[in-house]
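# Residue-level structural notes
What follows is each chain in one-letter form.
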Amino acid sequence: MILAASSATYLATGHTTGAAAQTHGFLSPTGVEIAFLLVGLVTFGAALVTVTTKQLVHAALWLVVTLGGLAVEYLLLTAEFIAWVQVLIYVGSVVVLLLFGLMLTRAPIGRSPDADSGNRWAALAVAVAAAAALVWVVVDAFRTTWIDLDGPAAGSTEATGASLFQNWVLPFEALSVLLLAALVGAIVLSRKAKAESSSPPVNAPATTKSSRTITESSGNAGRSEQEGAR
Amino acid sequence: MHLAYPAVLSALLFCTGLYGVLARRNAILVLMSVELMLNAVNLNLVAFDVWLSRAAEETLHSGQALTLFTIAIAAAEIGIGLAIVLAVHRNRGTADIDKLRDTAERHDSDGPDHDALAAERSDEDQKAEATA
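The shown structure was predicted, so the numbers you read here are calculated from the model rather than taken from an experiment.

Conventions used here
Residues numbered from 1 in each chain as written. Chains lettered and ligands numbered in written order. Predicted model: local features only at pLDDT ≥ 70, side-chain atom pairs only at ≥ 80, totals over all residues. Heavy atoms only, no water. Patch = residues over 30% accessible without salt bridge, like charges linked within 9 Å, V, L, I, M, F, W, Y side chains within 5 Å. Areas by Shrake-Rupley, 256 points an atom, 1.4 Å probe, with all protein chains shown as cover. Salt bridge = Lys/Arg side-chain N within 4 Å of Asp/Glu carboxyl O. Helix = DSSP H or I, 4+ residues; strand = E, 2+ residues; numbered from the N terminus. Phe/Tyr/Trp six-rings, centres within 6.5 Å; stacked < 30°, edge-to-face > 60°. Buried < 20%, exposed > 50% of the residue type's maximum accessible area, 1.4 Å probe, protein only.

Our next topic: a nonpolar patch on the surface. A surface patch of nonpolar side chains, about 460 Å² in accessible area, is lined by Leu 180, Leu 183, Val 184, Ile 187 and Val 188 of chain A. In this structure, Leu 183 of chain A sits in helix H7 (residues 169–189).

Here we come to the packing of aromatic side chains. One pass over the full model with this rule turns up five aromatic pairs over all chains. An angle of 80 degrees between the planes, with centres 6.1 Å apart, marks the rings of Phe 142 of chain A and Trp 51 of chain B as edge-to-face. Residue Phe 142 of chain A is found in the loop between helix H5 (120–141) and helix H6 (157–166), and its partner Trp 51 of chain B is found in helix H2 (residues 27–55); the two belong to separate chains. On the basis of an interplanar angle of 70 degrees and a centroid distance of 5.8 Å, the ring pair of Phe 48 of chain B and Trp 51 of chain B is categorised as edge-to-face. With Phe 48 of chain B and Trp 51 of chain B both in helix H2, this residue pair falls three residues apart, about one helical turn. With a relative accessible area of 21%, Phe 48 of chain B lands in the partly exposed category. For Trp 51 of chain B, a relative accessible area of 21% translates into the label partly exposed. Cluster of aromatic residues (ring-pair linked, three or more members): Phe 142 of chain A together with Phe 48 and Trp 51 of chain B.

Next up on the list: unusual backbone geometry. Positive phi, close to 60 degrees, is recorded for Thr 78 of chain A, a residue that is not glycine. Secondary-structure assignment places Thr 78 of chain A in the loop between helix H3 (56–76) and helix H4 (80–104). Taking relative accessible area as the criterion, Thr 78 of chain A reaches 17% and is therefore assigned buried. The backbone phi angle of His 61 of chain B is positive, close to 55 degrees, even though this residue is not glycine. On the secondary structure map, His 61 of chain B appears in the loop between H2 and helix H3 (62–92).

In this structure the tally under the stated criterion is seven salt bridges over all chains. As a salt-bridge pair, Asp 116 of chain A and Lys 54 of chain A come within 3.7 Å of each other at their nearest N and O atoms. Taken together, the residues span a long stretch of sequence, with Asp 116 of chain A in the loop between H4 and H5 and Lys 54 of chain A in the loop between helix H2 (31–52) and H3 at a distance of 62 residues. A residue is classified by how much of its surface remains accessible, and Asp 116 of chain A, at 8% relative accessible area, is buried. Among the ionic pairs, Lys 99 of chain B bridges to Asp 96 of chain B, the shortest N-O distance being 4.0 Å. One salt-bridge network, in which partners are shared between bridges, spans Lys 54, Asp 116 and Arg 120 of chain A together with Arg 24 of chain B.

Right under this line is the structure:
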């Protein structure tokens, strides 16, 4: 309905703003547009299955389809370096990390009925409202805008590398420091809690109180391990 | 290519991720939905960069550089997020974000893990007293 309304407004105002659009043809899509549309439908459908399926491992595998479809969209937009980085990092490592996380948290094989929380209808209303507003605004704003995909690729590895190492060197180096901080943070978070609690507190005033703290905290850790095994 | 195609696809993917973040209960599924939202932003950045690199005289390819930065930050985020989820699962035995309500303001607690939480809270109090 929104698309129809916007196209109606487009036809109404097309005599004034459609001068540049007539060279492209509004209702005669090119081959790249048809391919983009088909891959986009597959991507969006896989994303919908990812957020609605009841089987946790299937959600991760449908996420692979979504991210791979997005890589194909990047290729259609002539951003080939981004496409291969997407395949390498997202499909190659992020999904594998998610599958490891599902495995380590003992995700149930098969359907888990409590995958969705109780407020899913409110979430659906919020998401549909946000989608309607965003699609309406975007279609209305970029109605007469075309991307020129002819000529040399805008996102070839040469162009991306040149801009990245000529204009974006400082953020690039800062990003490496950020990755190091994330690595150290992940290691600190995933250390055993028992090793941390067995070390005495630094500002313990008396030995008796600190020993009581140690016994209590070790008992706490043992109980939490029992809960984890359960 | 009409610019509305990637922009509309990006908006739809973002709202799909928004629904997943709001409606899912498992923390790892919430992380997957966050990845969907980040990918929608990436698609927008790439599409607008390709458009503006043709329209402008001189370009910095800022959209593609920011896309690479977003991908790297997403990789860091998923590592930290999974470490947090695994630590919570090791301490609590669950990864459901509906059950992690320790900091919620409530006076009547009717959850099944009320006793465990209360015992743990008293343990925390005693430990705080002991170390104080």
